[in-house]
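The primary structure of each chain is shown beneath.
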Amino acid sequence: MAEDSMEIDDSLYSRQRYVLGDSAMHQMAQSAVFLSGMGGLGIEIAKNIVLAGVKAVTLHDIKQCETFDLGSNFFIHKEDVLSQRKRAEAVCPRVAELNPYVHVDTSTSPLDDNTDLSFLLKYQCVVLTEARLSLQKKVNEFCHSQRPPIRFIGSDTYGICARVFCDFGDGFEVSDPTGEEPKEIFIQSITRDNPGVVTCLDNQPHGLQNSQSVVFREVNGMVELNGTSRKVSVLSPHSFAIGDTSQLQAYAHGGFFVLVKTPKMYTFETLERQLWDPQVLTPDFSKPEAPLQIHAAMFALESFQEQHNRFPNAGCLQDAETLLKLTEEVNATLRNKAAVNAELVQWLARTARGTLPPLAAAVGGLASQEVLKAITGKFAPLQQWFYFDAIELVKPLQSLPADEFLPRGDRYDGLRACIGESLCGELHKLRVFMVGCGAIGCEMLKNFALLGVGLAQTSGEVCITDPDLIEKSNLNRQFLFRPQHIQKPKSTTAAEATLQINPDLQLDAHLNKVCPATESIYSDSFYARLNLVVTALDNVEARRYVDSRCVSNQRALLDSGTMGTKGHTEIIVPNLTESYNSHRDPPEEEIPFCTLKSFPSVIEHTIQWARDKFENAFAQKPSMYNSFWQTHTSAECVLQRMQAGESLEGSFEVIKLLNRRPHCWEQCITLARLKFEKYFKRKALQLLHAFPLDTRLKDGSLFWQSPKRPPAPIDFDLKDPLHFTFIVSTARLFAGIYNIPYSEKDLCEQAVAEILSHLKIPEYQPSVKSIETDEAAKKPDQLKMPLSSEEERVAIRQLQHAIAGDVKAARLRMSPLEFEKDDDRNGHVDFVTSASALRAKMYSIEPADRLKTKRIAGKIIPAIATATAAVAGLVALELIKIVGGFGFESLKNCFFNLALPVVVFTEPAAVKQALIRENIYFSIWDCWTISGHEDFTLSDFMNAVREKYGIEPTMVVHGVKMLYVPVIPGHTKRLKLTMQKLIKPSAGRQYVDLTVSFAAERAEEEDLAGPPVRYFFSRDEHAP
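Residues numbered from 1 in each chain as written. Predicted model: local features only at pLDDT ≥ 70, side-chain atom pairs only at ≥ 80, totals over all residues. Heavy atoms only, no water.

## As for the packing of helix H11 (residues 357–376) against helix H27 (residues 865–883)
Right, so step 1: Between H11 and H27, whose axes approach to 7 Å, the crossing angle comes to 160 degrees. The angle between the axes of H11 and H27 places the two elements in the roughly antiparallel class. The hand of the H11/H27 crossing is left-handed. Across from Pro358, Leu359, Ala361, Ala362, Gly365, Ser368, Gln369 and Leu372 in H11, the residues of H27 making contact are Thr866, Ala869, Ala870, Gly873, Leu874, Ala876, Leu877 and Ile880.
Right, so step 2: The residue makeup of the contact of H11 with H27, split by class, is 11 nonpolar, 5 polar and no charged. (Axes fitted to C-alpha atoms, helices over the stretch in contact; angles between N-to-C directions. Helix = DSSP H or I, 4+ residues; strand = E, 2+ residues; numbered from the N terminus. Parallel < 35°, antiparallel > 145°, perpendicular 65-115°, else oblique. Left-handed = near helix turned anticlockwise from the far one by under 90°. Contact = heavy atoms within 4.5 Å. Nonpolar A, V, L, I, M, F, W, Y, C, P; charged D, E, K, R; others polar.)

## Looking at the nonpolar core
Right, so step 1: Judged by nonpolar contacts, the single largest core of 178 residues is most densely connected at Leu59, Leu356, Ile419, Phe448, Leu532 and Leu879.
Right, so step 2: Filtering out sequence-adjacent residues up to four positions away, Leu59 remains in contact with Leu35, Met38, Ala46, Ala88, Val91, Cys92, Val95, Val104, Asp105, Thr106 and Ser107.
Right, so step 3: Of all hydrophobic cores here, the second largest spans 76 residues; its members include Phe599, Ala617, Ala635 and Met642. (Core = buried A, V, L, I, M, F, W, Y, C linked by side-chain atoms within 4.5 Å. Buried < 20%, exposed > 50% of the residue type's maximum accessible area, 1.4 Å probe, protein only.)

## Examining unusual backbone geometry
Right, so step 1: Look at the link from Gln383 to Gln384: it is a cis peptide, with omega at -25 degrees.
Right, so step 2: Here Gln384 lies in the loop between H11 and strand E17 (385–389).
Right, so step 3: The step from Leu900 to Pro901 runs through a cis peptide bond, and the omega angle for that step is -20 degrees.
Right, so step 4: Backbone geometry places Asn203, a non-glycine residue, at a positive phi of 55 degrees.
Right, so step 5: Phi is positive for Asn575, close to 65 degrees, though the residue is something other than glycine.

## Let's talk about the sheet that holds strand E23 (residues 566–572)
Right, so step 1: Spatially, the 8 strands line up as an open sheet ordered E20-E19-E18-E21-E22-E23-E24-E25, and their pairing is mixed. Pairing within the sheet leaves two strands with one partner each, and these edge strands are strand E20 (507–510) and strand E25 (902–906). Mean inter-strand twist for the sheet, computed between neighbouring axes without regard to direction, equals 10 degrees.
Right, so step 2: Two strands pair when backbone bridges link them, and strand E19 (residues 461–465) and E20 are joined in this way by 4 bridges, in the parallel orientation. By the bridge assignment, Ile464 is partnered in E20 with Ala509.
Right, so step 3: The strands touched by helix H13 (residues 439–451) are strand E18 (431–435), E19, E20, strand E21 (532–535) and strand E22 (556–563); relative to E18, the strand with the most contacts, the crossing angle is about 165 degrees.
Right, so step 4: Seen against the sheet, helix H14 (residues 490–501) touches E19 and E20 and runs at an angle of roughly 160 degrees to E20. (Pairing = 2+ DSSP bridges.)

## Notes on helix H22 (residues 721–737)
Right, so step 1: For H22, spanning 17 residues, the distance from its first C-alpha to its last is 24 Å, which sits close to the expected 24 Å at 1.5 Å a residue.
Right, so step 2: In terms of burial, H22 is a largely internal element, 13 of the 17 residues being buried.
Right, so step 3: For H22, the N-terminal cap is Asp720; the gap from its side-chain oxygen to the backbone nitrogen of Leu722 is 2.9 Å.
Right, so step 4: Of the residues flanking the end of H22, it is Asn739, one or two places downstream, whose phi is positive at about 55 degrees. (Expected span 1.5 Å × (residues − 1). Polar contact = N/O pair within 3.5 Å; in protein donor to acceptor, adjacent residues only side chain to side chain.)

## A word on empty space enclosed by the protein
Right, so step 1: Summed over all chains, the structure comprises 3 cavities of 30 Å³ or more.
Right, so step 2: Forming the boundary of the largest cavity are 17 residues, of which Lys287, Phe388, Asp389, Glu392 and Phe905 lie nearest the centre.
Right, so step 3: Elements that contribute at least two residues to the lining of the largest cavity include exactly helix H8 (290–308), E17 and H27.
Right, so step 4: Per-element accounting of the lining of the largest cavity gives the leading share, 4 residues, to H27.
Right, so step 5: The residue inventory of the lining of the largest cavity, partitioned by class, reads 10 nonpolar, no polar and 7 charged.
Right, so step 6: In this structure, the second largest cavity encloses a volume near 90 Å³. (1 Å grid on protein atoms, 1.4 Å probe; cavity = no way out; pocket = protein on both sides within 12 Å on 5 of 7 lines; lining within 4 Å. Points joined across faces, edges and corners; volume = space filled by probe spheres on them.)

Shown next, in the form of structure tokens:
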């Protein structure tokens, strides 16, 4: 962000702007943060807040780099340890590299109970990690007492336990607690009563809470409500009361309401007070007492350190007993408390000197988001403690001897202290396939490097693939990439950067998509070599495909995703859990064709209309045009065939394009002006001709009532910036598809005005075209619609005219455009923004700015580094459990929203066993197998299934092809045919998966579904 002009660099911050908004971004760019402690947690927080774009960060630390740090701090390298550099000095240039707009400096001065804290006055937020409790109290008291207060955050991880504490002062105002964009909800009715009751149109849920306020717009009849704000009292999901409306005019029709966002005040207590009466967030409702139990245990750990000046020794029973006794003493003094958890205390004693990098990543993501809240007032702050434990990660390790956890002087000592040497060794041998190297992918690779996943010396490997190149907007979250990497492949670049963190990893980077077309690369034998798969994808279809391959090949899958401050993780383990495909989100609601074409009511409709116009005019039509002329080699040939009465698909549209093809820039401007007339004037005139304002429906109600809005024709005015932008951007796009050159001079208003001064716009004549009003109607396929004889005659005349003017080969080619939202120079977003805004104006809809239009038209997923770091950390914790072969009860899925903040851990969905009949069950993970040979018939196959699995097959299907359905005539003859002949496998294909139905116990019952039956074409290929 440019500090002087405060202009936001959209090419870098575009995805984050949609999360935080410009006001918060500007506040961040004026804020300085002091961050103490450059261990694993501190470096996570530093990374996230520098990527976010604060003004300045001071990294404070007095320790030297040690080998231990290599396993927790991804910005400390082996040479830093050898040269005995200070941790802060080693990481500073690497942190600064993350964002050129952030000033990063260091402090290596002691910070203790004797330090004069006045130097903190220049910071808006102070974050302490790895600090003793007495120092945290002192710094917190200082920060709390300032006017305005300096926001204070304390955060720590000790072994399997972690905490975050926030104190933002006595009165902290939050401008937007949720960050959710209020929706316009249309009104069905408003009663004239005390209280008046509002009912939503079509039973749409309003999503309101008591005491919230809504503002009314465009209400007919009860017009006094328009522009006013009313507090609501919720009556049902679809209705609410708004106070006395009995003295207002009667409600007639229409109108909508929008939630009014109101600032909220939060009050915080100091650390000293909160220690004794903690206010905690509960992330796991299966153990609701855990946060208070960890609070007492970590508080006691501080006492242990004060007394012994060290952490408890791993495996030392006396230290564990001492910590348990201290925990009981601390717990007795608390006002808000739970029963002491002795098992948790023992594990904290055993692991306190260790570090779990994924835990630091997860908690660091949450703590970083609290830093951003502290300096922007955007989103609800944590009040006031967040506690998290990973006890499920260590419970199964109870029986391991103490020496499993002892240090060995290498980079994995911190991890070893938590999970033991044997499990570290399993991680080193791991063979992982990760699909996607974007934001989550980069964070996962960092976790792999710190955990030592896939080391070359133990025959482990991490295979990664991503077909995408690095864009500038990626640099805001994908922290392994730098400006010099733009337009380089993500996968190979990420692999190189990961080896900087841990050179011992074995990385194999590919540039492929994972899809049916690449099954020869990512084949069954490829999956057979893997231990597990990780997805770091941004779309559902790709996830579904990878999930199906994992189920087919019996491989665990770790999935995660983020949207803004929200994140989720899903753990899929063979024979233990359901798969990703076991659940399906409801399909995205499509905007009805007639709404888009003629009756938009909200801004999303006009944006989608403009986006569709771009796709149709500048992508689909040019592609169809090229395809037609690749099939039909010359215009003369096409003319002869049409004159002979032959119907050629697409000919009418293609000839129209050929006939209207511009030859110069002036004609592109003319075309754009005619489009303006058609879209924003004639469309409105035609609609009002077909449906005058007083039109009524059969039931007597007005046609033009909410949500339908009557259009108003727009008269063209070149002086209007919106009109000018539409003309220039449209002309540029026409020039692009027709390969017509133009200069910067051609784009000025004077040059455009000169061209348009010679253009005469024909007068509007009403059309007899029918206008679709049925919301269930689908968009017709213009290419497949039969031509009338008149249209055919017109097309032939136009083609003859074009041939007479000499149709050169160049005129039979166009250059289709692909919508590119992140290049502001190409005019794509200019076109969609101006077209949408003009259509919105025509229908009296509040227009959207360029930023919002770009997000909706480009289907941009809002994203921020804090959420990405958190999901990757949570996934990596589950990876350790899977590698350890832990049971179902250890596994956790997670959903969080850092904005609220809400963190919820749940058990994965347990695998379901479906009954076929009697004692025959199957699950999604089951696959029955039959091996055949060259002469193996369909009858042999069915007999083999019956003999092996004890149930009679009744129907056999391969993909969409029905191989055997007894009720279809002729299918019984197929029983004698060989499986080879029926299936016709491609060369080298070893097997196919068949869908087989089975006979029910009673003849009158329907056939029964079963697992897929994998048929191997040769016994050599599979040992059943």
